[in-house]
Amino acid sequence: MKSICLAMILSLSLGGYRTEKPITISGTVYDQQTNATLGGVAITLAGTQVAARSDANGHYSIQAEKGKYLLFEYIGYESKRIKVGENNVIDVHLIPAKQSLDAVVVVGHGKQVAAEMEGSVVAIRAGGVHRMAFAPQVYMPRPINTESYKGFTENKFHNPLEEALSTFAIDVDAASYSNFRRFINNGQLPPVDAVRIEEMVNYFQYDLKGPSTGEPVAIHTELATAPWNPKHHLLRIGLKAESVPTDKLPASNLVFLIDVSGSMMGPNRLPLAQASMKLLVDQLRSNDRVAIVTYAGAAGVALESTPGDQKIKIKDAIDALSAGGSTAGGAGLQLAYRTARQHFVKGGNNRIILASDGDFNVGASSDGDMEQLIARERQSGVSLSVLGFGMGNLKDSKMELLANKGHGNYAYIDNITEARKAMVTEFGGTLFTVAKDVKVQVEFNPAKVQAYRLLGYENRLLEKEDFNNDEKLGGDMGVGHTVTALYEIVPVGVNSSYPGDVDPLKYQPVKERSFVGNRKEVATVKFRYKDPDDQESRLQQVVVADRPLELSNASGDFRFASAVAELGMLLRNSDYKQQASYDGLIARARGAKGADNEGYRAEFIRLAESAKLLAKSNDFAAGDE
């Protein structure tokens, strides 16, 4: 009887130590103020190594026992500790750090150090000295802005008697516009060097007819009064690439090269990159293939090349990525090119798509190193497209160089709508090249043109000899792409300070504007390109007749493109802005908005209005100094 009682007591005693079986807790993490979902939030089971991270949509899932605590932590937000109960769905609302100090003096070892921090303040007494410190759960150094942009000198007016030819490589990049939008939406004017007029103009699609003669690209021209100087003319050159149905596009061999270093932490970086890549995955077909290469302190293959119809597998691999560590960008590029070559599709679309903020800091990292690497690798037939993410750390100059040298395009993704534009709306143009090494050369007739100036393309200018040199790189045009270039022209006979006067030459006769060629021609536009698989270029050309339109009679696309260019000149405070004005360009853009099914032109008008207010605010601030 005694043994039975002891057994019962022991059984009851051990029962008290029985552990709860883990259950799956899931939910969504939100910003309490805006109710926006938060991606990249760290979720930890207190006292254990069990951890998870919310995905791009704020969703998370983690194993936990009842009675245990989950800790939710995210930079810039107060940590939250929640006890696991009966409910296995727990939605969490994080509170942004409320208090901030611009500068606080931290006393240590007899020195005063100024630091910028955010968080709740607590007082600590040590060694008889009161020190101000911050509660560790909300301590956060305020990020330093290390964005970099390549400086350039804007194009000036040229006299066609001295320089009759203007030569440049086309540019289909649109990163400058979406970056400008990000600054305006954050209540700031963009840095001058972040404004590239050609990229702002080429952000928009224009209604141009595609080629009908079997060529991959058609050329169009239009001449009208310049909006910012009625005595001058504005020449618009438009290129339109052929459109190809999606089911007729060649098979793709893609490598997603994704930066997962510490600089990609934050909702507008890796989580947005992941969401963007998944939008692209939705466009892929069964004959397409995708591999995923990642890099942080080192590079690795996160997903071997996988058929495009295995979308769940590809998306799961994308969702599994998390940020942390340094940035071995050079090693990542090398591995991505090696992976692309291993699965090369002859006659197909072989392309690396890099998603990064461009902050390479381990291994080959300088612009020169990157350029040499890509110059070697592009001979393999693998192109490189670049998607820029993040703010405060964006290396715009490096991202642009990588895309230019890699036979690809560069886009800046500031929100999911822009990701949709790049990955869905312009899917063919983003990924499938129909004409490569595209160059434009314009010869101006000195009998009609006193001076001319190319708006933008400063980073794409070529020597006149480069036009016929097939070794010199041009830009690439994808399926359905449009490219616009604008020239401001001072007609002969107009009293103008452009291009400026110089003293008469001493050792050669003075050149005169004598009649040469056709008096009815303002210029001849030549266009040179290569088919995607060829190394020898082909030539097309058109003549620009001397029949300028009044601005009000110009096409809606002409008037809208001129408004975008005018805004670019104002944002750059151009030496050649002349009578440019926010009111004038906004009114013109409104009148030329057209159907605007996607709403991009309406958005431009709103951004221009905001830029006007910010510029006025800056003028007032400057006057107060």
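Residues numbered from 1 in each chain as written. Predicted model: local features only at pLDDT ≥ 70, side-chain atom pairs only at ≥ 80, totals over all residues. Heavy atoms only, no water.

(A) Here's a closer look at the overall build of the protein. The number of helices and strands found in the protein is 13 helices and 27 strands. By the burial criterion, 51% of the 625 residues in the protein qualify as buried. Expressed as a percentage of contacts within the protein between residues at least 6 apart in sequence, the contacts between residues at least 24 apart total 74%. Counting only carbon and sulfur atoms, one obtains 50% of the accessible surface of the protein, whose full area is about 29,200 Å². (Helix = DSSP H or I, 4+ residues; strand = E, 2+ residues; numbered from the N terminus. Buried < 20%, exposed > 50% of the residue type's maximum accessible area, 1.4 Å probe, protein only. Contact = heavy atoms within 4.5 Å. Areas by Shrake-Rupley, 256 points an atom, 1.4 Å probe, with all protein chains shown as cover.)

(B) The arrangement of unusual backbone geometry in detail. Residues tyrosine 498 and proline 499 are joined by a peptide bond in cis, for which omega reads 5°. Within the secondary structure, proline 499 is located in the loop between β25 (482-491) and β26 (521-530). Of note in this structure, aspartate 596 is not a glycine but carries a positive phi near 50°. Structurally, aspartate 596 is set in the loop between α12 (582-591) and α13 (600-624). Looking at aspartate 596, the relative accessible area reads 18%, which means it is buried.

(C) Highlighting the sheet that holds strand β5 (residues 69-73). Overall, antiparallel pairing links the 4 strands, which are arranged β3-β2-β5-β6 in an open sheet. Single-partner strands in this sheet number two, and they are β3 (51-53) and β6 (80-83). Neighbouring strand axes in the sheet, compared pairwise and without regard to direction, differ in orientation by 20° on average. Bridging between β5 and β6 involves 4 bridges; their strand directions are antiparallel. Residue leucine 71 lies in a different strand from β6, and its bridge partner there is arginine 81. (Pairing = 2+ DSSP bridges. Axes fitted to C-alpha atoms, helices over the stretch in contact; angles between N-to-C directions.)

(D) Layout of the packing of aromatic side chains. Within the structure shown, the criterion is met by 18 aromatic pairs. Taken together, Tyr177, Phe180, Tyr203, Phe204, Phe560, Tyr600 and Phe604 form an aromatic cluster joined through their ring pairs. Here arginine 81 stacks its cationic end above the ring of tyrosine 69, 4.5 Å away from the centre of that ring. Above the ring of phenylalanine 183, the side-chain terminus of arginine 182 is found at 4.4 Å from the ring centroid. (Phe/Tyr/Trp six-rings, centres within 6.5 Å; stacked < 30°, edge-to-face > 60°. Lys NZ or Arg CZ within 6 Å of the ring centre and 35° of its normal.)

(E) How the structure looks around empty space enclosed by the protein. Tallied over the full model, the rule gives 5 cavities of 30 Å³ or more. Put simply, the largest cavity is a space of about 190 Å³. At the level of elements, α2 (175-185), β21 (410-412) and α9 (416-425) are the ones that each hand at least two residues to the lining of the largest cavity. A breakdown of the residues in the lining of the largest cavity according to their chemical character gives 8 nonpolar, 7 polar and 4 charged. The volume enclosed by the second largest cavity comes to roughly 60 Å³. Only α10 (427-431) and β24 (475-478) provide two or more residues apiece to the lining of the second largest cavity. In terms of residues, the lining of the second largest cavity owes the most to one element, β24, which gives 3 residues. Grouping the constituent residues of the lining of the second largest cavity by class yields 1 nonpolar, 8 polar and 2 charged. (1 Å grid on protein atoms, 1.4 Å probe; cavity = no way out; pocket = protein on both sides within 12 Å on 5 of 7 lines; lining within 4 Å. Points joined across faces, edges and corners; volume = space filled by probe spheres on them. Nonpolar A, V, L, I, M, F, W, Y, C, P; charged D, E, K, R; others polar.)

(F) Just the nonpolar core, in detail. Core analysis: the largest hydrophobic core is formed by 66 residues, its most contacted members being Ile170, Leu239, Phe256, Met277, Phe444, Met477 and Tyr487. The residues touching leucine 239, leaving out its near neighbours within four places in the chain, are Ile170, Leu208, Val217, Ala218, Ile219, Val438, Val440, Met477, His481, Thr482, Val483 and Phe527. Counting residues in each nonpolar core, the second largest holds 43 residues, with Trp228, Leu567, Ile586 and Ala592 among its members. (Core = buried A, V, L, I, M, F, W, Y, C linked by side-chain atoms within 4.5 Å.)

(G) Structural view of the environment of glycine 27. Note on placement: glycine 27 falls in strand β1 (residues 23-31). A relative accessible area of 11% places glycine 27 in the buried class. In this structure, glycine 27 is in contact with Gly58, His59, Tyr60, Ile90 and Asp91, ignoring residues within four places of it in sequence.

(H) Representation of the confidence of the model for the protein in the model. Confidence in the prediction of the protein, expressed as mean pLDDT, is 84, and 85% of residues score 70 or more. Note that residues 9-18 has pLDDT below 50 and, in this model, 0 contacts with residues that lie over four places away or in other chains. Across residues 99-143, confidence stays below pLDDT 50; counting only partners more than four residues off in sequence or on other chains, it has 67 contacts. (pLDDT = per-residue confidence, 0-100.)

(I) Looking closely at the pattern of salt bridges. Under the defined criterion, the tally for this structure stands at 27 salt bridges. Of the charged contacts, one joins arginine 453 and glutamate 154 as a salt bridge, the two residues approaching to 3.9 Å between their closest N and O atoms. Placement of arginine 453 in strand β23 (residues 449-455) and of glutamate 154 in the loop between β12 (140-141) and β13 (165-169) is noted, with a sequence separation of 299 residues between them. Each member of the pair, arginine 453 as well as glutamate 154, is classed as buried. Between aspartate 414 and arginine 181 there is a salt bridge, with its nearest N and O atoms 2.7 Å apart. One end of the pair, aspartate 414, is in the loop between β21 and α9; the other, arginine 181, is in helix α2, with 233 residues separating them in the sequence. (Salt bridge = Lys/Arg side-chain N within 4 Å of Asp/Glu carboxyl O.)

(J) Expanded view of the packing of helix α4 (residues 270-281) against helix α5 (residues 311-319). Packing of α4 against α5 leaves a shortest axis separation of 10 Å and a crossing angle of 170°. Regarding the angle of α4 to α5, the classification is roughly antiparallel. Contact residues: α4 offers Gln274, Met277, Lys278 and Val281, while α5 offers Lys311, Ile314, Lys315, Ile318 and Asp319. Its residues placed into classes, the contact of α4 with α5 shows 4 nonpolar, 1 polar and 4 charged. (Parallel < 35°, antiparallel > 145°, perpendicular 65-115°, else oblique.)

(K) Here's a closer look at the pairing of strand β16 (residues 252-259). The element β16 is largely enclosed, with a buried count of 8 among its 8 residues. Burial along β16 is two-sided: Ser252, Leu254, Phe256 and Ile258 and Asn253, Val255, Leu257 and Asp259, pointing in opposite directions, are all buried. Sheet analysis places β16 next to strand β19 (residues 349-356), joined by 7 bridges and oriented parallel. Bridge assignment links leucine 257 to a residue of β19, and that residue is leucine 354. In this structure, β16 lies alongside strand β17 (residues 289-295), joined through 7 bridges in parallel fashion. Bridge pairing in β17 places valine 255 opposite alanine 291.

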